[in-house]
There are 4 protein chains.
Amino acid sequence: MIRFECDYAEGAHERILRRLFETNLEQTPGYSEDHYCARARDYVRDLCEDPGLDVHFLVGGTQTNAAVIAAALRPHQGVIAAASGHIAVHETGAIESYGHKVLTVPSGDGKLSALDVRRVHENHWGDVTHEHMVQPAMVYISQPTENGTLYTREELETLRGACLDCGLLLYVDGARLGYGLMSEACDLTLPELAGLCDAFSIGGTKQGMLFGEALVLAHPLLKRDFRYIVKQHGGLLAKGRLLGVQFCAMLEDGLYFDLAKEADRLAMTIRRAFEERGFPVLFDSHTNQQYPILPDHLLAELEEDFAFSFWEKVDGEHTAVRICTSWATEERAVKALIDALDRE
Amino acid sequence: MIRFECDYAEGAHERILRRLFETNLEQTPGYSEDHYCARARDYVRDLCEDPGLDVHFLVGGTQTNAAVIAAALRPHQGVIAAASGHIAVHETGAIESYGHKVLTVPSGDGKLSALDVRRVHENHWGDVTHEHMVQPAMVYISQPTENGTLYTREELETLRGACLDCGLLLYVDGARLGYGLMSEACDLTLPELAGLCDAFSIGGTKQGMLFGEALVLAHPLLKRDFRYIVKQHGGLLAKGRLLGVQFCAMLEDGLYFDLAKEADRLAMTIRRAFEERGFPVLFDSHTNQQYPILPDHLLAELEEDFAFSFWEKVDGEHTAVRICTSWATEERAVKALIDALDRE
Amino acid sequence: MIRFECDYAEGAHERILRRLFETNLEQTPGYSEDHYCARARDYVRDLCEDPGLDVHFLVGGTQTNAAVIAAALRPHQGVIAAASGHIAVHETGAIESYGHKVLTVPSGDGKLSALDVRRVHENHWGDVTHEHMVQPAMVYISQPTENGTLYTREELETLRGACLDCGLLLYVDGARLGYGLMSEACDLTLPELAGLCDAFSIGGTKQGMLFGEALVLAHPLLKRDFRYIVKQHGGLLAKGRLLGVQFCAMLEDGLYFDLAKEADRLAMTIRRAFEERGFPVLFDSHTNQQYPILPDHLLAELEEDFAFSFWEKVDGEHTAVRICTSWATEERAVKALIDALDRE
Amino acid sequence: MIRFECDYAEGAHERILRRLFETNLEQTPGYSEDHYCARARDYVRDLCEDPGLDVHFLVGGTQTNAAVIAAALRPHQGVIAAASGHIAVHETGAIESYGHKVLTVPSGDGKLSALDVRRVHENHWGDVTHEHMVQPAMVYISQPTENGTLYTREELETLRGACLDCGLLLYVDGARLGYGLMSEACDLTLPELAGLCDAFSIGGTKQGMLFGEALVLAHPLLKRDFRYIVKQHGGLLAKGRLLGVQFCAMLEDGLYFDLAKEADRLAMTIRRAFEERGFPVLFDSHTNQQYPILPDHLLAELEEDFAFSFWEKVDGEHTAVRICTSWATEERAVKALIDALDRE
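## Side note on the relation of the copies chain D and chain A
Here comes step 1: Of the transformation superimposing chain D on chain A, the axial component is 0.0 Å and the angular component is 180°, with the fit at an RMSD of 0.0 Å. Such a combination of rotation and displacement between the chain copies is what one expects of a two-fold axis. Ranked by how close their C-alpha atoms come to the rotation axis, the residues of chain D are headed by tyrosine 98 of chain D, at 3.4 Å.

The structure is reproduced here in structure tokens:
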């Protein structure tokens, strides 16, 4: 069985484990106040070309999203997200558990447009009873989205403009940021991204680390007392240096990006193989998640040897699945999948 | 200026004030542990023909909804509501402020169907990742809805069946329950309603009291320790007997229902007057809220003498407004409106 | 049975009810946007001699406290209070239900000193692990306290100085503010109080209104979007003018203060009667709440005709009770109590 | 510099890292649904001699405590803890952030007695206004406590009896459980502990793992839907097998206990060295945390070569510090400390 169902099926890139071994018996202060975390923060600031950024390391994505949103909002405020956004669907109400409403906007491709944001803003402030409704105060997007789609630089600039006009903070969930930035379809650099939002995350878990997310804060409001918020959310890892060591290993010479680029390439190989054989895709993804639509009988045969994630029934006889590559995917696994496709 | 914009523009029915005067200097225990509240609870139980019901008195609707929902749900659970439901839109996130997600379902007429509920339930439990999503545990409806529409007895029975099958509690927000029960289109009695849900409220504020909602609890889970929950929500009125005195005055001889019936009659008079003159209504309401669609020029003229609530722009030249009658509406105000309509 | 157990056993001063009658059928906008509320706000600002204050009207004290504290704090911040403070003990965890810790300080007389506040502040910031602890950000006191005791002007100035030095907001719960200000032992005026804190409340419920608290906000942070917070807390009364009408009746010619002064006088009459007969008091209260310590046999006899609140067992044979006078207490009730004392 | 300031200064026991290496490229399902977690759960159940226990793996202690407490309590309920308890002091209000009050009891040695618990219970239910106060519903203790002290079997049995009598759940925070169970002063076995509480944790982070806590649930109420709660708290690790692999390595042949035993032995060596030289200890700890009281001049000299945690000023010239041994402490570090003590 070859698993394409997610991008967290294996452990970590070998270099990560080697570094953990090498540094294992060194004694360091806890709670990310060690020199590895300090160095990793510097790597992030250097890569973003902005020495003024604050960088925090958390364990997982739900925690990271909940912490930054809780830090940003007052009690009567909510966060705008696509209806398919991770915080709106797949975090068991973590945002609500801290008291905040997710204000959802329908979205076919998983993206929010500047127009969407302006409309939510205007609908709120244009209503004479707006004090009876949750006030939009932050915009949540992910790059890439849950559907593998990407914001172009222009789209992000336009969205950022809308946020500035409307007084909204902009947060970019980058759980798969590497796969996004290294996509052939991405015209956005990391420094550009960093300059266009108030906060964003750089995901490690799905990109070759054992675990870990770097949260980058640009806005002063978010920076203030943020370590308290992390602690309150159970995100201040006692052996915080584990996060520092891993991010150092990933960022010191671009391993994070190299791994993502190769995973994207393999994902596009899979996409093209499906499309060339007449199987369309559900979303126009150029990242490591692909969503081919397959006849059910073919899917059943493929699933004898390969694991995919069910996405949705497209009609009575066709199903869309999600196929992920990752930092750990090997060329021969991709070849095996395409061979199987030709055999059926 | 004659105000039709809401059903809480005046104070209270004269009998209410008279009773407050008569009982004013009597000394009673606080926090609704007085004999007026006791008697009012008995009136509610008698009217519902169920001596086993618990009855609590709260000040306002948002508080009542938030308290009963907080009492019902565990942290990972949410409440299903129509997207236009009061808790989903007009309570400034009170439900979320206590940690819970409102799971919304689009609805044209403001009602939830048994099918809607079954679908939410099946989508949740049928998804292998359901532990990553908020678990539906309660259904919130209002009778009548925000659109003035009503559930028939059969609809409510079917909905109740779906709730029982799916293990969901059913709560009916009755902020305007009197207007609903007394509508010419309603085939549901109060005892029937009480028998078909786990909790419901009987609104006083919009039905002729100064303020006050009776919350009726049938399910043992909800009954347990509910006064603590009311206190935590700031809903345990020190001079609780004010609620008891008012509900006694309203329920002892059916005043609550008589006032609602007359308001409904006047609302239908207005609706028919608009329809007969060729102005359609946005929702098929048979209760005290009516939603005529008017040409903008006509609306502008009417608004010189009458206050309505803006509802929505229907097209470039037409607007739907909400017109409310209430326990305080006089026949001559309705006549003045219809006369004005004929004049324009 | 004559009730001295609390100050909310009766309805409201006659003038309140008369005004509600007189204004009853007037149509006004809802949610405290009417002209009565506007005028009542002006009365408050005039009495405080500060036109820049924001004034909001809420229904009850728990709601008022929870709303202003939720508006003031970020998620990792807490509010300092005496261990006997109302928010620490008697609000069923309302503050915690909105996510905040009450940081308590032991206090014999119910008051917090400037030294207490500085110590909490220094303990927090002086601890290298302070990010693992709730950050103090607000100070809650009540005037008078739960024990009937009062802050002098000098004490309040010193406390305010400590708050400013430590970057803490100061909130004064004035559920019984009138009884405090009119006490023979009070050297603090309302304008002085208003100038020495960031927010305070003027309680109506226990001072002769049916219900209602005025919350006065001085600090810009608290003012911002406060109506949203009130709505989220279920505190935005639909018929908000009921609050405006009542506060107008109370404040227009000083009735609020006259009633309080008389209640304080009667309370001191009771205190002195006990003391002159050799019964000490538990707290040095000069306000409407008195705490005599009585032999249990005497207490049992008195309780045949009079209702008190149990406060605490002082030893095996003595009990402290709370005796309240109020705006509604009559001289003859006080005389009856003293006569009974002499008889036993 | 030799660090004795905490028990999480190093990485992990070598076997842990080796196992992560060996299993690194295996593909497994995410979110702790893999076979390593399954096996680790079985190890826990076997060691506890109770096949009916549910076992969940979380990343950190604050998260674990917050999750089990949120799962246990209804909104108006609180958890009883010693005033020095971790949840009361060192979790930045995580318990409150989910809406619950920590009901604290002063405690000299960090332990709660059965009498403490009965008193809180009786004070609550014996007060006629108990609905105005947070209802105690759970007891939180830690074994060992924050002060290194231990509950004997008899003490735990008595406490359990009080909890059962009072209808309170009992949760034992075992962040350092191994150090507790293997202490020379502990007469309690793991199966006995498991049989005497409703939930407890087995800490990994401070006992030789990179990170990870096993939460063991015995009470049916807590078991229900617990994975949802973990996800909501950000505790459902994507690569959950990392927790399974580590706990397998620790529990398969008793490494967890062997490491703890040795750390306890070294800690007692340190304690005795101090005591023999006339330096008393602040708490009677027989576990890996020791609290000697030192003259300030001696402390200053020792701190040139050794890192301790400041605990408290005992008087103008003496300070109590915390000295931790851990699974990673070497005999020669202990010898160096004692030698230094003799030198000064």
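## Comments concerning the packing of helix α6 (residues 114-125) of chain D against helix α7 (residues 153-166) of chain D
Residues and elements named next belong to chain D.
Here comes step 1: Where α6 contacts α7, the axes come no closer than 8 Å and their chain directions differ by 15°. By the angle between their axes, α6 is roughly parallel relative to α7. For α6 against α7, the interelement crossing comes out right-handed. Taking contact as the criterion, the partners of Ala114, Val117, Arg118 and His121 in α6 are, on α7, Thr158, Leu159, Gly161, Ala162, Asp165 and Cys166.
Here comes step 2: The residue inventory of the contact of α6 with α7, partitioned by class, reads five nonpolar, three polar and two charged.

## With respect to a negative patch on the surface
All names here are of chain A.
Here comes step 1: A cluster of acidic residues, Glu301, Glu304, Asp305 and Glu344, forms a negative patch on the protein surface.
Here comes step 2: With respect to the helices, strands and loops of the structure, glutamate 304 is situated in the loop between α14 (296-302) and β11 (306-307).
Here comes step 3: Judged by its relative accessible area of 60%, glutamate 304 is exposed.

## Some words on the interface of chain D and chain A
When the parts come together, some accessible area is lost, and that loss is often what is quoted as the size of the interface.
Here comes step 1: At the junction of the two partners, chain D supplies 46 residues and chain A supplies 46 residues.
Here comes step 2: The largest share of the area that chain D buries against chain A comes from Phe21, Gln27 and Lys239 of chain D, three residues that together contribute 18% of it.
Here comes step 3: Applying the counting criterion to the chain D and chain A interface returns zero salt bridges.
Here comes step 4: Between the two partners, chain D and chain A, sit 23 residue pairs in polar contact (both at pLDDT 80 or more).
Here comes step 5: When residues of the side of chain D that touches chain A are traced back to their parent elements, those giving at least two are β1 (2-3), α1 (14-22), α3 (61-72), α5 (94-97), α11 (226-232) and α12 (241-251) of chain D.
Here comes step 6: Per-element accounting of the side of chain D that touches chain A gives the leading share, five residues, to α1 of chain D.
Here comes step 7: When its residues are assigned to classes, the side of chain D that touches chain A shows 22 nonpolar, 15 polar and nine charged.

## Structural notes on the sheet that holds strand β5 (residues 135-142) of chain B
Residues and elements named next belong to chain B.
Here comes step 1: In spatial order, the strands read β2-β8-β7-β6-β5-β3-β4; together these seven strands make up an open sheet with mixed pairing. With partners counted over all chains shown, the strands left at the sheet margins are β2 (54-58) and β4 (102-105), one partner each. Going across the sheet, the axis of each strand differs from the next one's by a mean of 25°, ignoring polarity.
Here comes step 2: Sheet topology places strand β6 (residues 169-173) next to strand β7 (residues 199-203); two bridges connect them, and they run parallel. Within the sheet, the bridge partner assigned to valine 172 lies in β7 and is phenylalanine 200.
Here comes step 3: Here helix α7 (residues 153-166) sits on the sheet and contacts β5 and β6; the angle it forms with β6, its principal contact strand, is near 145°.
Here comes step 4: Sheet strands touched by helix α12 (residues 241-251): β2, β7 and β8 (213-217). Its angle to β2, the strand with the most contacts, is close to 110°.

## Structural notes on the interface of chain C and chain A
Here comes step 1: Counting residues at the interface gives 24 residues for chain C and 24 residues for chain A.
Here comes step 2: At the boundary of chain C with chain A, total buried surface from both sides reaches about 2100 Å², with 49% on carbon and sulfur atoms.
Here comes step 3: When the buried surface of chain C facing chain A is broken down by residue, Arg74, Glu131 and Tyr228 of chain C rank first, second and third, together holding 36% of it.
Here comes step 4: In this assembly, chain C and chain A are joined by two salt bridges.
Here comes step 5: Linking glutamate 131 of chain A and arginine 227 of chain C is a salt bridge whose minimum nitrogen-to-oxygen distance equals 2.6 Å.
Here comes step 6: Taken together, chain C and chain A are joined by 16 residue pairs in polar contact (both at pLDDT 80 or more).
Here comes step 7: Elements with a contribution of two residues or more to the side of chain C that touches chain A: α3 (61-72), α6 (114-125) and α11 (226-232) of chain C.
Here comes step 8: With five residues, α11 of chain C is the largest single contributor of residues to the side of chain C that touches chain A.
Here comes step 9: Of the residues contributing to the side of chain C that touches chain A, the split by class is 10 nonpolar, seven polar and seven charged.

## As for the relation of the copies chain C and chain A
Here comes step 1: Laying chain C over chain A is done by rotating through 180° and shifting 0.0 Å along the axis; what remains is an RMSD of 0.0 Å.
Here comes step 2: A shared binding surface is used by both copies, with 100% of the interface residues of chain C retained as interface residues in chain A.

## Re the sheet that holds strand β8 (residues 213-217) of chain D
Two modes of strand pairing occur in sheets, parallel and antiparallel, and in both the strands are linked by backbone hydrogen bonds.
All names here are of chain D.
Here comes step 1: If you walk across this open sheet you meet the seven strands as β2-β8-β7-β6-β5-β3-β4, and the pairing is mixed. Each edge of the sheet is formed by a strand with only one pairing partner; in this case those strands are β2 (54-58) and β4 (102-105). Between one strand axis and the next, the sheet turns by 25° as a mean value, whatever way the strands run.
Here comes step 2: Bridge count for strand β5 (residues 135-142) against strand β6 (residues 169-173) is five bridges, and the pairing is parallel. Counted as the bridge partner of methionine 138 is leucine 169 from β6.
Here comes step 3: Packed on one face of the sheet, α7 meets β5 and β6 and runs near 145° to β6.

## Notes on the nonpolar core
Here comes step 1: Membership of the largest hydrophobic core comes to 137 residues, with the highest contact counts inside it found for Phe200 and Phe211 of chain B together with Phe200 and Phe211 of chain C.
Here comes step 2: In this structure phenylalanine 211 of chain C touches Phe211, Leu237 and Leu242 of chain B together with Val59, Thr205, Leu237, Leu242, Leu243 and Gln246 of chain C, once residues within four positions along its chain are discounted.
Here comes step 3: Grouped together as the second largest cluster of nonpolar side chains are 135 residues, Leu103, Leu177, Leu243 and Leu251 of chain D included.

Rules and cut-offs
- Residues numbered from 1 in each chain as written.
- Chains lettered and ligands numbered in written order.
- Predicted model: local features only at pLDDT ≥ 70, side-chain atom pairs only at ≥ 80, totals over all residues.
- Heavy atoms only, no water.
- Least-squares fit on C-alpha atoms with pLDDT ≥ 70 in both.
- Axes fitted to C-alpha atoms, helices over the stretch in contact; angles between N-to-C directions.
- Helix = DSSP H or I, 4+ residues; strand = E, 2+ residues; numbered from the N terminus.
- Parallel < 35°, antiparallel > 145°, perpendicular 65-115°, else oblique.
- Left-handed = near helix turned anticlockwise from the far one by under 90°.
- Contact = heavy atoms within 4.5 Å.
- Nonpolar A, V, L, I, M, F, W, Y, C, P; charged D, E, K, R; others polar.
- Patch = residues over 30% accessible without salt bridge, like charges linked within 9 Å, V, L, I, M, F, W, Y side chains within 5 Å.
- Areas by Shrake-Rupley, 256 points an atom, 1.4 Å probe, with all protein chains shown as cover.
- Salt bridge = Lys/Arg side-chain N within 4 Å of Asp/Glu carboxyl O.
- Lys, Arg positive; Asp, Glu negative; His and termini not counted.
- Charge placed at Lys NZ, Arg CZ, Asp CG, Glu CD.
- Buried < 20%, exposed > 50% of the residue type's maximum accessible area, 1.4 Å probe, protein only.
- Buried area = accessible area lost by both parts, 1.4 Å probe.
- Polar contact = N/O pair within 3.5 Å; in protein donor to acceptor, adjacent residues only side chain to side chain.
- Pairing = 2+ DSSP bridges.
- Core = buried A, V, L, I, M, F, W, Y, C linked by side-chain atoms within 4.5 Å.

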